[in-house]
Amino acid sequence: MAKEVYSICFMCTQRCPIRVLVENDDVIWIEGNPHVDRGLCAKGSAGLSLLHDHERPQYPMIRTGARGAGQWRRATWDEALDYVAEKLKKIVKKHGPQSVLWGERNNLNTHIVRAFMNGLGSPNHFTHESLCRGSSLTAIGALTGYTYWPAEVGVDYANTRHLILYGRNLLESLDNMKATNSLLDSMEKGAKLTYIDPRVSVTATKADRYWMIRPGTDLALNYALIRTILKERLYDQEYVQRWVTGLAELQAFVEPYTPEWAEQETGIPAGEIVALARDAAADKPAVAFHFGYRSSHYTNDIYTRRSIIMLNALMGSIEAKGGLIFKKTPKDAGHAGVSKYSDQEFPKITHPRFDGAGEARFPIINAFHGNAQQLAPAILNEDPYPLKALIANRFDPLVSIPDSTATRQALDKLDLIVAIEVNFSQTAWYADVILPEPMYLERNDCIQTVTGLKPSLFMRRQAVTPRYDSLPAWLIIKKLAQRLGLGQYFPYETIEDIWNFQLKNLGVKIEDFNAKGFVALTDKTLLWDRKDGIKFKTPSGKIELVSSLMENAGFPSFVPYTPMPAPPAGRFRLIVGRCAAHTHISTQNNLHLNELVPENELWINAQAADRLEIKNGAYVEVASPVGVGKIKAKVTDFIHPEAVFMLHGFGKTVPAQTRCYLKGASDALLQENVSDPVGGSPGLHETMVQVRPLT
Ligand SMILES: Nc1nc2c(c(=O)[nH]1)N[C@H]1C(S)=C(S)[C@@H](COP(=O)(O)OP(=O)(O)OC[C@H]3O[C@@H](n4cnc5c(=O)[nH]c(N)nc54)[C@H](O)[C@@H]3O)O[C@H]1N2
Ligand SMILES: Nc1nc2c(c(=O)[nH]1)N[C@H]1C(S)=C(S)[C@@H](COP(=O)(O)OP(=O)(O)OC[C@H]3O[C@@H](n4cnc5c(=O)[nH]c(N)nc54)[C@H](O)[C@@H]3O)O[C@H]1N2
Ligand code: SF4
Ligand SMILES: [Mo]
């Protein structure tokens, strides 16, 4: 008889709830948790392949040869942790605790990591967020006061009447399965989908309206949309009157940006722009202009994302059924929050951050997440001070930060690189020490708070015994802390101790998760009253089109449009994205997902390919100012002639990952490291490349 374990998927960051069936200590089946009514995607099913993969780190490893040469010795956990602790002690003694960096992709143990860094006295904890959605976080923060949108703001897919997506490739770059399925349900019930992208993605093929926009010109489109909505008084006047400040300034600002002007810049006919404004208004407020997920596209992303959110404000769709909604917390449902180890008292840290986030250099970039793409410049220039150690936990800076060559040079300057990993990532392979974590089916983790219209708590529970000699990160951190004299901040021995601590103020017990894998904190849908109850967190308590946050920091709320330069002759703008079968840079070596998408291809417009004598399926060389790659050409009419496109995360060079070794090209190797200085994301689509056939 199979044992049933409720847990949380971790093949990607969406953390869908799952039900796992286990027999003889092996996983025989994974499906979406039926009590939550969600499915499982291809990547979620391929968790089985990760569990059984022998091409993942199997024990702690200490480097014996040159960095990246692949020479390792097996170590015991005590040896590996002693080694890391001794190195850290020496580094801290000589250079101070601020010379230690901890970079990670947010995870359920992040509050424990923050406790570790606070205890150590380093301000330099940073997450991947800036690389992903930094600019949209800042944009929504400036307009509404909410600074963390996946947790705090979302789209009510289930009730929307019209969803407008700007390169938010929802049907490939999935949201969690509940959200994705809700959207499909709404579309079946007649909801409209408008999709805007220089490339015909899968989502484009499902849309009611698709525009092949000139790359990088979404801001021009939005200025014209806003102008039309204001001119034709298509906005929700009652809502705007009650909740929005700065309308007159916005109206004066957009005056020059006619639909005819926008047509010249974007390639979208003026009449169609006007038609979208009218269509969207007809469905208001159940309409959502999606502010995007990855907002690391262009160096003006802060203004593009702001313009998208402003469209929602005009439609009255912020905190409306079918629009954008504020996600409610346990507190909103009348409960205490989940306790965090990072909320303890720590000695005050006086050093500035390595990345300038929240400080004079980048005043409105949230220091809570940091500004990851400053990693290489900060290390190489010792600016603001020498940096000597990097712990990378669930994070692969060598391929997740643009300009891998510069990142590698920076890593070369460090005295210590440690990777906490489940795969031989590029950074793990380049590290001094690899500390393997059990993969998610093999471990328990801290409790997850899921905010939303009905906030709830979820638990990742171990389904099977770890296949290899691995330890969960929450234990690795405690063991490391003890060696550094910081054990007092981690007063737990087992995961039950952590869970009990997390739940202590909630009146919820561990057993409450047994029946369904989660605990609902309310049975009501928590929507705030649109007349008087919306809790905007800006100083004015309203949506600030003229932003006090930005203006006080010296940044204008509106910027005149700068035309997007077309690529010079013979060059293309490199744009990137994801596919449904892979997670960023994590799954290219997964046995089953590798079979589905074994390498990336370069989408190139058919006419451009013809001029360059590039044949479909033939290999080409792509060269940028910072790197070169070899990749198969996909010649197609389905991409704008100014752009070429490739999937992120290929071109791996770790021989231990035999299935994806040297398959395809790496976008990070080609991309220049340029950033949106206000919003905080890198401009991953700012690099121009040359393409030539390889004979
Ligand atoms: N060049 C370029 N850079 C990008 C992007 C791009 O498109 N192009 N996209 C950006 C975006 S949107 C994002 S979100 C980031 C993502 O950047 P990353 O966070 O670096 O990427 P991920 O693929 O999510 O996973 C990082 C690592 O976590 C490891 N991992 C997986 N599961 C576990 C686990 O359970 N425990 C531990 N310890 N490790 C685990 C994986 O093996 C992988 O090496 O990249 C950003 N950077
Ligand atoms: N399967 C899968 N799903 C995922 C992830 C994953 O790795 N795999 N990762 C998750 C994460 S962390 C993120 S951030 C999201 C990312 O999800 P999305 O934000 O949807 O981003 P991408 O997949 O990076 O796709 C970006 C799209 O923008 C288009 N684009 C490029 N330039 C422009 C432009 O100038 N204007 C417009 N309008 N479009 C443009 C590109 O052609 C591409 O189709 O996906 C999440 N879901
Ligand atoms: S979207 Fe797929 S891979 Fe990501 S958590 Fe959900 S089921 Fe797992
Ligand atoms: Mo992301």
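As shown above, the structure is provided for reference.
None of these values were measured; they are calculated from a predicted model.

What counts and what doesn't
Residues numbered from 1 in each chain as written. Chains lettered and ligands numbered in written order. Predicted model: local features only at pLDDT ≥ 70, side-chain atom pairs only at ≥ 80, totals over all residues. Heavy atoms only, no water. Pairing = 2+ DSSP bridges. Helix = DSSP H or I, 4+ residues; strand = E, 2+ residues; numbered from the N terminus. Axes fitted to C-alpha atoms, helices over the stretch in contact; angles between N-to-C directions. Contact = heavy atoms within 4.5 Å. Salt bridge = Lys/Arg side-chain N within 4 Å of Asp/Glu carboxyl O. Near = heavy atom within 4 Å. Polar contact = N/O pair within 3.5 Å; in protein donor to acceptor, adjacent residues only side chain to side chain. Areas by Shrake-Rupley, 256 points an atom, 1.4 Å probe, with all protein chains shown as cover. Nonpolar A, V, L, I, M, F, W, Y, C, P; charged D, E, K, R; others polar. Buried < 20%, exposed > 50% of the residue type's maximum accessible area, 1.4 Å probe, protein only.

Asker: How do you make sense of the sheet that holds strand β22 (residues 571-577) when you look at a structure like this?
Answerer: Consider a sheet: its strands pair through backbone hydrogen bonds, and that pairing is either parallel or antiparallel. Read around the closed barrel, the six strands follow the order β22-β26-β23-β25-β24-β27; overall the barrel is mixed. Recorded for the sheet is a direction-independent mean angle of 45 degrees between the axes of neighbouring strands.

Asker: Help me out: how do you make sense of the sheet that holds strand β5 (residues 72-74) in this one?
Answerer: The sheet built from seven strands is open, its strands ordered β5-β4-β17-β16-β15-β6-β7 with mixed pairing. Both outer strands of the open sheet, β5 and β7 (125-127), are each paired with one neighbouring strand and no more. Sheet twist, expressed as the mean angle between neighbouring strand axes with direction ignored, is 20 degrees. Bridging between strand β16 (residues 416-421) and strand β17 (residues 433-436) involves four bridges; their strand directions are parallel. Residue Val-418 lies in a different strand from β17, and its bridge partner there is Val-433. Across the face of the sheet, helix α4 (residues 110-120) comes into contact with β6 (100-104), β7 and β15 (389-393) while running at roughly 170 degrees to β6.

Asker: Just checking my understanding: could you explain the pattern of salt bridges for this structure?
Answerer: Where charged atoms from two side chains of opposite charge approach closely, those side chains can pair. Tallying each qualifying case throughout the model produces 35 salt bridges. The salt bridge partner of Glu-255 is Lys-231, with a shortest N-O separation of 2.9 Å. Remark: Lys-231 occurs in helix α9 (residues 218-231) and Glu-255 occurs in the loop between α11 (247-254) and α12 (259-266); sequence separation between them is 24 residues. With a shortest N-O distance of 3.9 Å, Glu-493 and Lys-478 are connected by a salt bridge. Of this pair, Glu-493 sits in the loop between α19 (473-483) and α20 (495-503) while Lys-478 sits in helix α19, and the two are 15 residues apart along the sequence. Salt bridges linked by common partners bring Glu-437, Arg-443, Asp-445 and Arg-460 together as one network.

Asker: Got a minute to help me understand the site of ligand 2 in this structure?
Answerer: In the vicinity of ligand 2 lie 34 residues, with Asn-169, Ser-173, Leu-174, Asp-197 and His-582 positioned nearest. At 2.9 Å from a nitrogen atom of ligand 2 is found a main-chain nitrogen or oxygen belonging to Cys-579. Relative to its unbound accessible area of 920 Å², ligand 2 is 99% covered by the protein chains. Residue assignment for the shell around ligand 2 shows that the elements contributing at least two residues are β10 (192-196) and β22. When residues of the shell around ligand 2 are assigned to their parent elements, the largest contribution, three residues, is made by β22. Taken together, the residues of the shell around ligand 2 break down into 14 nonpolar, 11 polar and nine charged.

Asker: Please clarify how the environment of Ser-45 should be interpreted in this entry.
Answerer: On the secondary structure map, Ser-45 appears in helix α1 (residues 42-45). The partly exposed category is assigned to Ser-45, whose relative accessible area is 38%. Spatially, the C-alpha atom of Ser-45 lies 39 Å from that of Ala-313, the residues being 268 residues apart in sequence.

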